Amino acid sequence: MNPPKSPFRRVAAIAAGALIGLAGIGAFASPASAHHPEPSGTYCLTSDGQVKVTWTVGNSENIDAKITKLKSTVPADFTGGLAMDATLPAKGQGFLTGTQAHRFDEKRPTIELTVEARWVRSDRIVTEERTVAAEPAGTCAAEPTPSPSSSTPTPPATPTPTPTAASPSPSQPATQSPTPTPPATPAPAEPVGSVESTCDKLTFTIENPADGETVTLTLTPNKGEVKTLVVKPGETGSVSFDATKGLVVTPAAEGLDDTAPIAWEQPADCAPGQGGGKDEPALPLTGAATGGIIAGAAVLLAAGVALFMVARRRRVRFTV
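In short, a report on the structure. These figures come from a predicted structure and were not determined experimentally.

Along its length, the chain carries two helices and 16 strands. Buried positions account for 30% of the 320 residues belonging to the chain. Within the chain, residue pairs in contact and separated by at least 24 positions form 65% of the contacts whose partners lie at least 6 positions apart. For the chain, the exposed surface amounts to about 20,700 Å²; the carbon and sulfur share of it is 57%.

Backbone hydrogen bonds hold the strands of a sheet together, and the pairing may be parallel or antiparallel. Spatial strand order, 13-12-15-16: four strands in an open sheet with antiparallel pairing. Sheet topology places strand 13 (227-231) and strand 16 (262-263) at the edges, where each strand pairs with a single neighbour. Taken together, the five bridges between strand 12 (residues 215-221) and strand 13 define a ladder with antiparallel strand orientation. In the strand pairing of strand 13, Val215 is matched with Val231.

With burial as the criterion, only one face of strand 15 (residues 248-252) is covered, namely that bearing Val249 and Pro251; the residues Val248, Thr250 and Ala252 on the opposite face remain uncovered. Pairing of strand 12 with strand 15, which is carried by four bridges, proceeds in the antiparallel orientation. In the strand pairing of strand 15, Thr218 is matched with Ala252. Here strand 15 runs beside strand 16; their pairing, made up of two bridges, is antiparallel. In the sheet register, Val249 faces strand 16, and the bridge partner there is Ile262.

Taken in spatial order, the five strands make up an open sheet running 4-6-2-1-9, and their pairing is mixed. In this open sheet, the two edge strands, each paired with only one partner strand, are strand 4 (79-80) and strand 9 (135-139). When strand 4 meets strand 6 (residues 96-102), the two strands line up antiparallel, connected through two bridges. When the sheet's bridge partners are listed, Thr79 is paired in strand 6 with Thr99.

This brings us to the pairing of strand 3 (residues 65-72). Relative to strand 5 (residues 87-88), strand 3 runs antiparallel, the two being bridged by two bridges. Note on strand 5: the bridge partner recorded for Lys66 is Thr87. Bridge count between strand 3 and strand 7 (residues 112-120): six bridges; the pairing is antiparallel. Considered in strand 7, the bridge of Lys66 is made with Arg118.

Once that is clear, we can look at the environment of Ala252. Topologically, Ala252 is positioned in strand 15. Take Ala252: its relative accessible area is 37%, and that puts it in the partly exposed class. Ignoring sequence-local partners within four residues, the contact set of Ala252 consists of Thr216, Leu217 and Thr218.

A word on the packing of aromatic side chains. Scanning the model with the defined rule gives one aromatic pair in all. Consider the rings of Phe204 and Phe241, whose centres lie 6.2 Å apart with planes at 85 degrees: the pair is edge-to-face. Here Phe241 lies in strand 14 (residues 236-242) and Phe204 lies in strand 11 (residues 201-207), a separation of 37 residues in the sequence. Accessibility expressed as a relative area gives 4% for Phe204, which makes it buried. The buried category is assigned to Phe241, whose relative accessible area is 6%. Its guanidinium or amino end placed over the ring of Phe241, Lys227 lies 4.8 Å from that ring's centre, counting from NZ or CZ.

Quick notes on the rules
Residues numbered from 1 in each chain as written. Predicted model: local features only at pLDDT ≥ 70, side-chain atom pairs only at ≥ 80, totals over all residues. Heavy atoms only, no water. Helix = DSSP H or I, 4+ residues; strand = E, 2+ residues; numbered from the N terminus. Buried < 20%, exposed > 50% of the residue type's maximum accessible area, 1.4 Å probe, protein only. Contact = heavy atoms within 4.5 Å. Areas by Shrake-Rupley, 256 points an atom, 1.4 Å probe, with all protein chains shown as cover. Pairing = 2+ DSSP bridges. Phe/Tyr/Trp six-rings, centres within 6.5 Å; stacked < 30°, edge-to-face > 60°. Lys NZ or Arg CZ within 6 Å of the ring centre and 35° of its normal.

Have a look at this one:
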């Protein structure tokens, strides 16, 4: 006896083939991660009235980065490994730390650090900065006072005559220096900006904090149309330019200190002709990378079709 074929069998076979194909495409084309430095900071008050700030910077990625910008609102030099052009260790491999100390005249100074880092991968070059406000940590721990050397001989004490009628002198209270007023919590962090160069695009991204203000960024390329990026508080926006040889884009916005032109950089792992090698718009991604994706997806889709054909031809027979 041949039972009637269930309509769900055919649907299941088609779905299995499609899922296998989609899984193959996902395996060959994974999304890019968001590169960013991870700064943090604390400050404390020293006994002489200075503010001591300790900064720590981590890495979100599994490859080393380079510090390309380091700007602090504390007008003092950095001590420690945190410095311009320093290598930021990969995630899980350590941190960069730096210390600053300064005596502020104002009662409520702003204590912030802006760090920009640059990652170089085979298929993209990413530059992103982050601004962080230091958190208060109370009074600094007292530094240990070195004990006198035991090798120095102590001269014998000269005996003093005992007075016949000693009059007690009043105890003098210890002089205490006034405790400086701790700085207030710094202002909210600034918007985050990043620049990414891929084989076919130069992309500018703005991540605006929820407590910020609307950011209007004007991007002027050396060739082509001017583009404007408007990002409201709590939102993230981006604008891309087609990669061309010699492309340079100048950003401008109200309150933007760094308005230096930004040039597109061609990653190492780009197929010949990518990136507009002759000062033309970039060509679509072709070559070995795309061929591998298409070939892999085709093989897996073919496997799905084969499963469908096998499911279609199977028969269940009962003999008496």
